[in-house]
Amino acid sequence: MTDLKTIGVIGAGQMGNGIAHVSALAGYNVVLSDISEDALANGMQAIERNMARQVSRGQFEPDAMTAAIARIKPTTVLKDHEAADLVIEAATERREVKEQIFKSLCEIVPASTFLATNTSSISITRLASVTDRPERFIGLHFMNPVPLMKLVEVIRGLATDQQTYDMAIGFAERLEKTTTNAEDYPAFIVNRILVPMINEAVYALYEGVGTVESIDTAMRLGANHPMGPLTLADFIGLDTCLSIMQVLHDGLADTKYRPCPLLVKYVEAGWVGKKVGKGFYDYSGDVPVPTR
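By the naming in an unreviewed UniProt entry, the chain goes by 3-hydroxybutyryl-CoA dehydrogenase and is assigned to Hyphomonas atlantica.

1. Digging into the overall build of the chain
Helices and strands together make up the secondary structure of the chain, namely eleven helices and ten strands. Relative to its length of 292 residues, the chain is compact, with a C-alpha radius of gyration of 19 Å against a globular reference of 19 Å. Dimensions of the chain, computed from C-alpha atoms along their principal axes, come out at roughly 55 × 45 × 30 Å. Counting only residues that meet the buried cut, the chain has 48% of its 292 residues in that class.

2. What about the nonpolar core?
Membership of the largest hydrophobic core comes to 40 residues, with the highest contact counts inside it found for Leu 32, Leu 86, Leu 140, Phe 142 and Phe 171. Among the nonpolar cores identified, the runner-up in size contains 28 residues, and Tyr 203, Ile 215, Leu 263 and Tyr 266 belong to it.

3. Here we look at the pattern of salt bridges
For the structure shown, the criterion picks out ten salt bridges. One salt bridge in this structure joins Glu 82 and Lys 79, with 2.8 Å as the shortest N-O distance. On the basis of relative accessible area, Glu 82 is assigned to the partly exposed category, the value being 39%. For Lys 79, a relative accessible area of 46% translates into the label partly exposed.

4. With respect to helix H6 (residues 162-174)
The terminal C-alpha atoms of H6, which comprises 13 residues, lie 18 Å apart, in line with the 18 Å expected from a rise of 1.5 Å per residue. Residues Thr 164, Tyr 165, Met 167, Ala 168, Ile 169, Gly 170, Phe 171 and Ala 172 constitute the buried set of H6. Capping the start of H6, Asp 161 holds a side-chain oxygen 3.4 Å from the backbone nitrogen of Gln 163, two or three residues further along.

5. Section: the UniProt feature "domain: 3-hydroxyacyl-CoA dehydrogenase C-terminal" (unreviewed entry) in the chain
Mapped onto this numbering, the UniProt entry gives "domain: 3-hydroxyacyl-CoA dehydrogenase C-terminal" (unreviewed entry) at residues 188-283. Helix makes up 62% of residues 188-283 and strand 2%, whereas the separation of the span's terminal C-alpha atoms amounts to 31 Å.

6. Describing the layout of surface pockets
Taken as a whole, the second largest pocket holds about 430 Å³ of empty space. Lining the second largest pocket are 20 residues, with Gln 14, Asn 17, Ala 46, Arg 49 and Asn 50 positioned closest to its centre. At the level of secondary structure, the elements contributing two or more residues to the lining of the second largest pocket comprise helix H1 (14-25) and helix H2 (37-56). Ranked by residues supplied to the lining of the second largest pocket, first place goes to H2 with eight residues.

7. Quick notes on the environment of Val 55
Mapping Val 55 onto the fold places it in helix H2. Sequence spacing of Val 55 and Asp 234 is 179 residues, and the spatial spacing of their C-alpha atoms is 27 Å.

8. Some thoughts on the packing of helix H10 (residues 238-252) against helix H11 (residues 261-269)
Packing of H10 against H11 leaves a shortest axis separation of 9 Å and a crossing angle of 135°. It follows from the interaxial angle that H10 and H11 lie oblique. At the point where H10 passes H11, the crossing takes the left-handed sense. For the pair H10 and H11, the contacting residues are Leu 238, Asp 239, Cys 241 and Leu 242 in the first and Leu 263, Val 264, Tyr 266 and Val 267 in the second.

9. Overview of the pairing of strand E1 (residues 6-10)
Counting buried positions along E1 yields five of five residues, so the element is predominantly enclosed. Both faces of E1 are covered, namely the face carrying Thr 6, Gly 8 and Ile 10 and the face carrying Ile 7 and Val 9. Here E1 runs beside strand E2 (residues 29-33); their pairing, made up of five bridges, is parallel. Its bridge partner being in E2, Ile 7 is matched across the sheet by Val 30. A crossover connection joins E1 to the parallel E2 through H1; in handedness this β-α-β unit is right-handed. By the bridge criterion, four bridges tie E1 to strand E4 (residues 86-89) in an arrangement that is parallel. By the bridge assignment for E4, Ile 7 is matched with Leu 86.

10. Topic: the domain arrangement of the chain
Along its sequence, the chain is carved into domain 1 (6-183) and domain 2 (192-290). Each of domain 1 and domain 2 has a C-alpha centre, and the two are 26 Å apart. Buried surface at the junction of domain 1 and domain 2, summed over both partners, amounts to about 480 Å²; 62% is from carbon and sulfur atoms. The tally of links from domain 1 across to domain 2 stands at zero residue pairs in polar contact (both at pLDDT 80 or more). Within the side of domain 1 that touches domain 2, the residues separate by chemical class into two nonpolar, four polar and one charged.

Thresholds, definitions, all that
Residues numbered from 1 in each chain as written. Predicted model: local features only at pLDDT ≥ 70, side-chain atom pairs only at ≥ 80, totals over all residues. Heavy atoms only, no water. Helix = DSSP H or I, 4+ residues; strand = E, 2+ residues; numbered from the N terminus. Rg over C-alpha atoms; globule rule 2.2 N^0.38 Å. Buried < 20%, exposed > 50% of the residue type's maximum accessible area, 1.4 Å probe, protein only. Core = buried A, V, L, I, M, F, W, Y, C linked by side-chain atoms within 4.5 Å. Salt bridge = Lys/Arg side-chain N within 4 Å of Asp/Glu carboxyl O. Expected span 1.5 Å × (residues − 1). Polar contact = N/O pair within 3.5 Å; in protein donor to acceptor, adjacent residues only side chain to side chain. UniProt positions renumbered as here; feature names shortened; annotations may be inferred. 1 Å grid on protein atoms, 1.4 Å probe; cavity = no way out; pocket = protein on both sides within 12 Å on 5 of 7 lines; lining within 4 Å. Points joined across faces, edges and corners; volume = space filled by probe spheres on them. Axes fitted to C-alpha atoms, helices over the stretch in contact; angles between N-to-C directions. Parallel < 35°, antiparallel > 145°, perpendicular 65-115°, else oblique. Left-handed = near helix turned anticlockwise from the far one by under 90°. Contact = heavy atoms within 4.5 Å. Pairing = 2+ DSSP bridges. Right-handed = clockwise from strand over helix to strand, strands pointing away. Domains from an automatic or database assignment. Buried area = accessible area lost by both parts, 1.4 Å probe. Nonpolar A, V, L, I, M, F, W, Y, C, P; charged D, E, K, R; others polar.

Now the structure itself:
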């Protein structure tokens, strides 16, 4: 079993700060990096806020929270990952951005460092190919929100070796996550099924089959989903949903994965969901109000 001590996390957004959160609670030293000081500050505030909520629910003691926060080092300097045993990239869902991060990272970290990506749809094999260690590269797709969701999809690239896979499984187990193996095909398992469903809900709205509220209510009460698909889309981020649909459409060349024009229009408008205060719902008031 590979003995990991320090975990690097690149990207302090919703996914990155969540991965840092659970890693620190599991006893790892964590280096959390981002190119933006504001993003880092917001990420650390989110970690403290989410841990405090868990403490209030009796999930662990305040001392454990204090110790976990102390194990996280926020930084805007990529070189601070040089001592990490495993670095997990959790940047924006754009292939060219991720590739550039890994190219830069390979110039910094030793050959023994494992590399992982939290991509929700992009080929692990393709991302691994830009590194100097494709055999030590793997996909670790955490679910959102990371502290609450128990699943991690583990995706091997074509070159990923057994030691790297075993490391990934051991790491996820220490985080008290359940793993599922997915093959390296566009969007893996969860998003291959989930995001086309969201896209179909947007088509239903686009074609006038139902309103925002009626579509969400129908799926909550008719299919027993915990939240409606349009609410879920806002929570995931409409830009992320669109990126995943584009990966599916490009990678599988099937018209059933064509992104809905209305989804494209919302992203063009910058109405990408809860993180900006507006998506299929407007979150500026006390109660979310449909925007269409």
